[in-house]
Amino acid sequence: MTASTGIPKRVEQVLTTHRRGFLKSAGLLVVSFATGAGPFTEADAQTGGATQGAGPYPDPDFRQLDSWIVIHENNTATFYVGKTDCGQGTGTSFRQLMSDELDIAFDRTACIMGSTDNTVDQGGSGGSTAMERDSWPMRRAAAEARRVLLEMGSVRLEAPVDQLAVGNAVITVKADPSRRVTYGELIAGKKFNVTLTGANVNAVTGAAKVKAVQDLKYTGQSPQRYDIPAKVDGSLKWAVDVNLPGMVHARNVKPPFAGAKLTGIDESSVRNMPGFVKVVTKGNYLAVVCEREEQAIRAARQLKATWEKPATAPFPASEDLFQYMRAATPTSASNPIVVGSPDAAFSGAAKIIEAEYETPFQGHTAIAGAHATADPSNGQMTIYSNDMKSYGMRNGVAAFLGMPREKVRVVWMEGPQGYGRTAADDAGCEAAWIAREIGRPVRVQWMRDEETAWDTKGPAFLVKMRGGLDANGRLVAYDYNARSCDYNHVGYNEADTVLIAQLMGSRRTKPAAGSSATPSDMYAIPNRRMVGEVVGLPMAWETPLRTGNLRDPNGPQSTFAAESFIDELAAAAKADPLDFRLKMLTADADDNGFRRARSIAALKAVAETYGWDARPSPKPIGNANILTGRGIAYSFRGQTVVAQIAEVEVNRQTGHVWAKRLACAHDCGLVVNPQSLRRTVECAMLHGLSRAIHEEVRFDTEKITSVDWLSHPTLRHADVPERIDVVLVNGDPNPNRPDLPPYGAGEAALKPMLAAIANAVYDATGVRIRRVPFRDARVLAALKAARV
Amino acid sequence: MSNITLKVNGSTHTLDIEPATPLLYILRNDLGLRGPRFGCGLGQCGACTVIVNGAAVRSCIVPASSVKSEITTLEGLSSHGRLHPLQQAWIDEQVPQCGFCQNGQIMTAKAMLDKNPHPTDAQIRESMNATLCRCMTYYGIQAAIKRAAKVIADARPASGKEVAA
């Protein structure tokens, strides 16, 4: 053991602050951590530029136990994890799992997340991998800490390990509980100095084994999220609240037309404005810097610049998008997945159904625009950011500025919703570049119109489907062909694809191919062909139609098509939509029994929860103005299965669709915190509902025309269902197995919702809407065309 | 630039400021408040909401010099170290996801409950409809408002005399 003076400088600061927090708030330990991002960001933000740590900023070593866990002398523990929390409460869940493995009371622990020089690189957030992948090394590290502490306790208490008991961070001799020692007494302000093994951070392990699921005490309970109190009393310091001495404010001036070339700047138009600092520009990137925030906003609006339109239109207008996609030559195509002999099966089918489904570009449109603060003092660069992939941002900023990595760090703090937008949030690289240009700390914040128009977009999808039924109404042939408009899909703050780099002229020779998903159900369809193609728009660079990851990047679009079409086939077969699905889940042709068993369990659970009335769709339509119906849809994401039912009311006079009731059966394996999982699932379902009935990025042939909350509608309070039921299912064939793993939870819950709504609208009206979103005008036009 | 005086959460501040500056930037950048936040700058989303004269006001579009009455921000809702029943209900119901919009949700709900302590479901939806959440926490918010309304009603003396919530 070495004394705490050997702890790296930054970590030591964390510990000092931490201990103080613990001592100050004895008895109210959780409160001292309610500041979310953690005391170290407070300290950093408050001390700011002049005293910025001199660096170099270390990469915490994932093979050192001390990088993961610090035991304090007062018998509390702090967990350091390389993740960020986009609002789903993952930090609380990590604490539950690690408290269980360490054998310490949950309320005597804290969790520090996602800052590049204090926490190991687990990649930040993305792909709903928090529990599924990243909780494992945390659990193994905590289990190893417990094992090491038991060994230390054995020496101190002069008793073999197998004669010791441990609970609540206290080790006792079983035969004589008066002989006891606490973890804090054993560590006594020192470090573990234990080296773990593992080829990479995901494989990190010590000698100890993790506990059986049945032995986890806090896991499966619902302690309240530690980040929430500070989010409701106004005390949380968000990334956007960082205010450094000498800090100035910048606002971007975006090209007024996609692909426009900046040909002139009239600086005199803003030079005499109050607080003016500088116009910064390179290539087509342009920003204005002022002393105060409102001054920068005004100056960015007033700055006169001349822009030249591109010679050819960058993209078709949004109403012509699908026509364009149909005619376009794919930039890439996946190898077809073929099962059986689809062509022969179609030839022999009694009935063939064909349909096309369209999902437009949908934006993240976070509640606030991208933002970051950069501090360039002492030849270093610190970025205060809510980027969900803070580690990637560090690498991106270093490469973009040509700075050594060890001189760059990213301090993660809370911010508006991630869902993929902050995996490539743009503002970090912009703030860093401007800070270096002007030699002062600077905060960059995107405005509403800028964020809505220029954030990354979920790709538009055009899916052609064909299905063949035999004489008994059985689905015997199936063809799925998807085209996504996803060419040049952006990465995670890559130095050559981040928007500021694009605007400055960076062009990667080989843009990212993009992707086009195939459906993820477990139906046993004997003859099946699935292929995904990608198409590009005429302008691939500097475009506001940049595609990026949006909450389950392709799933909602592909599942809208696949699960709507299954409903169409069920209707053609005059079968109950649930029964039609279950019948295709009983065969075992291409399944190991595991996923299919869980599919069946989820579908049955949601049907029971809702009170499903078995009958074919559509329902007979009466004379009422309000038509009601229910629809079901299901899908997998990774190993997580989700089945959902929507009940809708459709207003015949206005075309308005209201989802009156939603139900969901969700099986993500081991559930760590049921209450926060339910909220996450419920919110993901409503995000799906918003995308089903409201959301579409609109554009003309020059620019995005969806620029605010009027031109880009979103779900509102009045749209919210009267009732939402979320049932957590454990459909594992061996539900009590001690190694039941957790699977990704959040994104999966959004995936089937668009189809569930579409199927419910069909059930209510007999009209199939194959184009998202189901806004009033579109639904009304469809009802009129069908004379409903 | 000119001196303007603002009374915020019981304290008085005099600042030398351009009078047309939207209130939001002064609350955040000069007074260091973290409750009100920039969401749209257009008065469309509600993230910047503060309470003035009992009304929920969108501070991103209100010139600071036009505000003569006391301003209450999210930080000013608790009293004597006790959270407002709405804030407590937000914790009890575990409402937020990212939490960025919740200032607007809580402050708008506060202004509504002060005027109408027993709102129907339809009134809650209507009163809250212009306050946006992109994490879609609406269902939890509506449950929390109902919970807080009950707590406030239960705490009210039988005489019907109003107590400060």
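Remember, predicted model here, so these are calculated numbers, not experimental data.

**Q** Just checking my understanding: could you explain the overall build of chain A for this structure?
**A** Looking only at helices and strands, chain A has 19 helices and 27 strands in total. Relative to the compact-globule value of 28 Å for 788 residues, chain A shows a C-alpha radius of gyration of 28 Å, a close match. Principal-axis analysis of the C-alpha atoms gives chain A an extent of 80 × 80 × 45 Å. Expressed as a percentage of the 788 residues in chain A, the buried residues total 57%.

**Q** Where do I start with the domain arrangement of chain B in this structure?
**A** Where interface size is given, it is often the accessible area lost as the parts come together that is meant. Residues and elements named next belong to chain B. We note that the domain assignment places domain 1 (2–76) and domain 2 (85–155) within chain B. Summarising the inter-unit geometry, the C-alpha centres of domain 1 and domain 2 are found 21 Å apart. Those elements that place two or more of their residues in the side of domain 1 that touches domain 2 are β3 (49–52) and β4 (55–58). It is β3 that contributes the most residues to the side of domain 1 that touches domain 2, three residues altogether. Class assignment for the residues of the side of domain 1 that touches domain 2 results in eight nonpolar, five polar and one charged.

**Q** I tried to follow unusual backbone geometry on my own but got confused; where do I start?
**A** Excluding glycine, a negative phi dihedral is what most residues carry, and trans is how most peptide bonds are arranged. Residue and element names in this part refer to chain A. Residue Pro618 is bonded to the preceding Ser617 through a cis peptide linkage, with omega at -5 degrees. Turning to its location among the elements, Pro618 is positioned in the loop between α16 (594–610) and β24 (626–637). Residues Val772 and Pro773 are joined by a peptide bond in cis, for which omega reads -5 degrees. Within the secondary structure, Pro773 is located in the loop between α18 (753–765) and α19 (776–785). The backbone phi angle of Asn493 is positive, close to 50 degrees, even though this residue is not glycine. Within the secondary structure, Asn493 sits in the loop between β22 (475–485) and α13 (499–503).

**Q** Could you clarify how one ought to interpret the sheet that holds strand β6 (residues 176–182) of chain A in this entry?
**A** Each strand in a sheet pairs with another by means of backbone hydrogen bonds, the pair being arranged parallel or else antiparallel. All names here are of chain A. Pairing within the open sheet is antiparallel, and its three strands lie in the order β4-β5-β6. Each edge of the open sheet carries a strand with a single partner, namely β4 (164–167) and β6. Along the sheet, successive strands turn relative to each other by an average axial angle of 30 degrees, direction set aside. Of the strand pairs in this sheet, strand β5 (residues 170–173) and β6 are connected by four bridges, and their pairing is antiparallel. Among the inter-strand pairings, Val173 is bridged to a residue of β6, identified as Asp176. On the sheet, helix α4 (residues 130–157) packs against β4, β5 and β6 and is oriented at approximately 130 degrees with respect to β4.

**Q** Explanation requested: the interface of chain A and chain B in the structure shown.
**A** Every contact between the two is made by 51 residues of chain A and, on the other side, 48 residues of chain B. Take the side of chain A that touches chain B: its biggest share by element is eight residues, from helix α17 (residues 674–693) of chain A. Across the side of chain A that touches chain B, the residue classes tally to 21 nonpolar, 16 polar and 14 charged.

**Q** Is there a simple way to think about the domain arrangement of chain A in this case?
**A** Residue and element names in this part refer to chain A. With domains assigned, chain A is organised as domain 1 (4–33 + 64–237), domain 2 (241–311 + 371–445) and domain 3 (588–785). Between the C-alpha centres of domain 1 and domain 3 the distance comes to 38 Å. The partner domain 3 presents 18 residues to the 19 residues of domain 1 that form the contact. Secondary-structure elements contributing two or more residues to the side of domain 1 that touches domain 3 are α3 (90–102) and α4. Tallying contributions element by element places α3 first for the side of domain 1 that touches domain 3, with four residues.

Basis of the calculations
- Residues numbered from 1 in each chain as written.
- Chains lettered and ligands numbered in written order.
- Predicted model: local features only at pLDDT ≥ 70, side-chain atom pairs only at ≥ 80, totals over all residues.
- Helix = DSSP H or I, 4+ residues; strand = E, 2+ residues; numbered from the N terminus.
- Rg over C-alpha atoms; globule rule 2.2 N^0.38 Å.
- Buried ≥ 20, exposed ≤ 12 C-beta atoms within 10 Å, placed from the backbone.
- Domains from an automatic or database assignment.
- Nonpolar A, V, L, I, M, F, W, Y, C, P; charged D, E, K, R; others polar.
- Pairing = 2+ DSSP bridges.
- Axes fitted to C-alpha atoms, helices over the stretch in contact; angles between N-to-C directions.
- Contact = placed C-beta atoms within 7 Å.

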